[in-house]
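Single-letter residue listing:
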Amino acid sequence: MALTIAEVEHVAHLARLRLSADELEKLQHELSHILDYIDMLKEVDVSSVAPTAQVTDLANVMRDDEVRPSLPREAVLANAPDQRDGMFRVKDIF
Amino acid sequence: MAELYELTITEARRRLDAGDITSVQLTEAVLERIAAVDSQVRAYLAISDDLAMRQARAADARRRAGNATGPLDGIPLAIKDVINVQGLTTTCGSKIIENFVPPYDSTAVARLKDAGAVLLGKTNCDEFAMGSSTERSAFFVTHNPWDLERVPGGSSGGSAAAVAAGAALGALGTDTGGSIRQPASLCGVTGLKPTYGRVSRYGLVAFGSSLDQIGPFAWTAQDCALILGAIAGADPHDSTAAPQPVPDYVAGLNGDVRGLRVGVPKEYFVEGLEAGVEAAVRDALELLRANGAEIVDVSLPHTKYALPVYYIIAPAEASANLARYDGVRYGVKQAGDSYWDELERTRGSGFGAEVRRRIMLGTYALSAGYYDAYYKRAQQVRTLIRRDFEQAFAQVDILAAPTSPTVAFKIGEKTDDPLAMYLEDVCTLPINLAGMPGLVVPCGFSAGLPVGLQLIGRPFDEGTLLRAGDAYQRLTDWHTRRPALTAST
């Protein structure tokens, strides 16, 4: 399945990846090639097959809703590129 | 007499208990070995010698006081750099998070510490564990100790190479599609991918959350049994960590394979399987048969779909997991004009080419209009792959197959063709899709390079796998071979 450059640009935007024109073109070819390979799944009859999302067969693992110790705020903020007043700091979003 | 750094964990433990050696002597010997050979192998991203020596002295003090904590007390181990050790940088082999110092231990590491293990450092890996050669580390390539011009496999190539080089007695790796088993095979060591959910993933940096598992590398199945026993079990921090009780894996190693039904899936003897690899695997099966195992031909008919299913599901999960690298809470942020500009610059330049490719593939597969055609269909075929295993395990106790179609390949040989690299995992990734455990034991050499036999078990039946692997190692000496590395001067 051949992807267009516009489709690759759209996916890069969804993934929030800033890519060069060269890389967009490279990915257009590589992803098309990989999707061609993946297309072999179309030959499998899956009409009455339930999807597998996980393999543990565990469901609704619950615990008591009680207060437990958590990491101190300073330890959590220590890795942040930018912080102020005990919060992560980012540029204006709007 | 073997050098201290060449010992198995079991033998080191015996000598520690007998008072013949101390953990400080053992740890110093391994750190000296790292200093002597790691400039060639490059297994380690960071060496935590201060921490290791502190832990070794504490282990010796416990032992002198008669309080040794368990079978790993004073044993030097290495940790793959996608697994958090409090206070040591976790880079994941990536520039985007190269400065991240985790404020907590992963559960697996916390349990190793409780068991008294000595932590030598963090090992190299493909970026975010995406790769089959460790060439995709953003920092440097790790070299195979058996032939320095070749890859160690991946993505846990640093952990496998560290054990093979005598630069650790054992190590933790992770396996999402073969990342423990393939490097174990290519480096001639033993490696175990436990059942999905057997080991907590808390503190493991997520790649494919329905596939990822932490597991051990060591020289022997017995040593892997020791490490698994220490790290396995339920964890309140990971709701997918299974509640099944953890058996005494070592106590189950009785050397007996009589009556064991071993299935040989014909689909794993694939086109492209090297003759030397097939011969070593067939010889291993013949040896098991000669010692009382029953060898049975079985079929896993959906095997050929595992690779395309995996390359939908794993990138889809990765694209969601890696959305968190936004340069806000941790990592390296690139400056820009606005929040969105910074976000796109940070991610566009922080991730390497293979990670960007997989994020793009996964994002596409999950995007509006394509979800049913790709992601849902892949999950449906995943069900069929899982059923294949269930049907096979109705007939047999374990399965035996090659691990990788090839021995270690030359550095650079497959980096230009993503699909050729993905095919490295064709014999390992079906097991992740189905959630089974897989054990790799060295079973010979092809053209001077190690070959590993892959044993696949029922969910939570690591005990039978380890018993078969240990029995095989009592009959063979492949796991006692060591690469001829010369110390740098």
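Read on for a plain summary of the structure. (Residues numbered from 1 in each chain as written. Chains lettered and ligands numbered in written order. Predicted model: local features only at pLDDT ≥ 70, side-chain atom pairs only at ≥ 80, totals over all residues. Heavy atoms only, no water.)

Let us look at the pairing of strand S11 (residues 449–457) of chain B. Residue and element names in this part refer to chain B. In terms of burial, S11 is largely enclosed, as 9 of its 9 residues are buried. The pairing of strand S9 (residues 398–402) with S11 spans 5 bridges and is antiparallel. Each residue of the ladder has a partner; that of Ala401, found in S11, is Gln454. One ladder, built from 8 bridges, connects strand S10 (residues 438–446) with S11; its direction is antiparallel. (Buried < 20%, exposed > 50% of the residue type's maximum accessible area, 1.4 Å probe, protein only. Helix = DSSP H or I, 4+ residues; strand = E, 2+ residues; numbered from the N terminus. Pairing = 2+ DSSP bridges.)

In summary, the side chains of a regular strand alternate between the two faces of the sheet. Residue and element names in this part refer to chain B. With 5 of 5 residues buried, S9 is to be regarded as a mostly interior element. Sheet topology places strand S7 (residues 261–265) next to S9; 2 bridges connect them, and they run parallel. Along S9, the bridge assignment pairs Val262 with Ile398.

Before going further, it helps to examine the packing of aromatic side chains. All names here are of chain B. Following the criterion strictly, the structure yields 15 aromatic pairs over all chains and no others. Residues Phe128 and Tyr325 carry aromatic rings whose centres are separated by 5.0 Å and whose planes lie at 45° to one another, so their mutual orientation is tilted. Of this pair, Phe128 sits in the loop between strand S3 (118–123) and helix H5 (157–164) while Tyr325 sits in the loop between helix H9 (306–321) and helix H10 (339–350); the two residues are 197 residues apart in sequence, bridging distant segments of the chain. Both residues of the pair, Phe128 and Tyr325, count as buried. One aromatic cluster is present, formed by Phe100, Phe128, Tyr325, Tyr330 and Phe351 through successive ring pairs. The cationic tip of Arg282 hangs over the ring face of Phe269; the distance from NZ or CZ to the ring centre is 3.9 Å. Against the face of Trp219 rests Arg482, its NZ or CZ located 3.5 Å from the ring centre. (Phe/Tyr/Trp six-rings, centres within 6.5 Å; stacked < 30°, edge-to-face > 60°. Lys NZ or Arg CZ within 6 Å of the ring centre and 35° of its normal.)

Note on Phe128 of chain B: relative accessible area 2%, which makes it buried. Considered as a pair, Phe128 of chain B and Phe207 of chain B are 79 residues apart in the sequence and their alpha carbons are 6.6 Å apart.

Let us look at helix H2 (residues 23–41) of chain B. The axis of H2 of chain B is deflected most strongly, by about 40°, at Ala35 of chain B. Backbone geometry just downstream of H2 of chain B places Arg42 of chain B in the positive-phi region, at approximately 60°. (Bend = angle between axes of the 7 residues up to and from the residue.)

Residue and element names in this part refer to chain B. Pairing within the open sheet is mixed, and its 11 strands lie in the order S1-S3-S2-S4-S6-S5-S10-S11-S9-S7-S8. Edge positions in the sheet fall to strand S1 (44–47) and strand S8 (294–298), since each has one partner strand and no second. Across this sheet, the average inter-strand angle for adjacent strands is 30°, counted without regard to direction. Strands in contact with H2 are S1, strand S2 (76–80) and S3; relative to S3, the strand with the most contacts, it is inclined by about 20°. (Axes fitted to C-alpha atoms, helices over the stretch in contact; angles between N-to-C directions. Contact = heavy atoms within 4.5 Å.)

So, on to the nonpolar core. Residue and element names in this part refer to chain B. Phe128, Phe389 and Leu466 are the most contacted members of the largest nonpolar core, which totals 178 residues. A per-element tally of this core places H9 first, with 10 residues. Counting 5 residues, the second largest nonpolar core, distinct from the first, contains Leu186, Ala408, Phe409 and Met421. (Core = buried A, V, L, I, M, F, W, Y, C linked by side-chain atoms within 4.5 Å.)

So, about the interface of chain A and chain B. At the interface, 55 residues of chain A touch 66 residues of chain B. Among the residues of chain A in contact with chain B, Arg18, Leu41 and Asn79 of chain A are the three that bury the most area, contributing 13% of the side total. Here chain A and chain B share 7 salt bridges between them. Put simply, chain A and chain B have 22 residue pairs in polar contact (both at pLDDT 80 or more) between them. Looking at the side of chain A that touches chain B, the elements that each hand over two or more residues are helix H1 (5–14) and helix H2 (21–38) of chain A. If one sorts the elements of the side of chain A that touches chain B by residue count, H2 of chain A sits on top with 10 residues. A per-class count over the side of chain A that touches chain B returns 33 nonpolar, 6 polar and 16 charged. (Buried area = accessible area lost by both parts, 1.4 Å probe. Salt bridge = Lys/Arg side-chain N within 4 Å of Asp/Glu carboxyl O. Polar contact = N/O pair within 3.5 Å; in protein donor to acceptor, adjacent residues only side chain to side chain. Nonpolar A, V, L, I, M, F, W, Y, C, P; charged D, E, K, R; others polar.)

This next bit is on the pattern of salt bridges. Any two side chains of opposite charge can pair if their charged atoms end up close together. All told, the structure shown has 33 salt bridges over all chains when counted by the stated rule. Between Arg357 of chain B and Glu30 of chain A there is a salt bridge, with its nearest N and O atoms 2.8 Å apart. In this pair, Arg357 of chain B sits in helix H11 (residues 353–366) while Glu30 of chain A sits in helix H2, so the two residues belong to two different chains. Glu30 of chain A matches Arg357 of chain B in its accessibility class, with the two residues each being buried.

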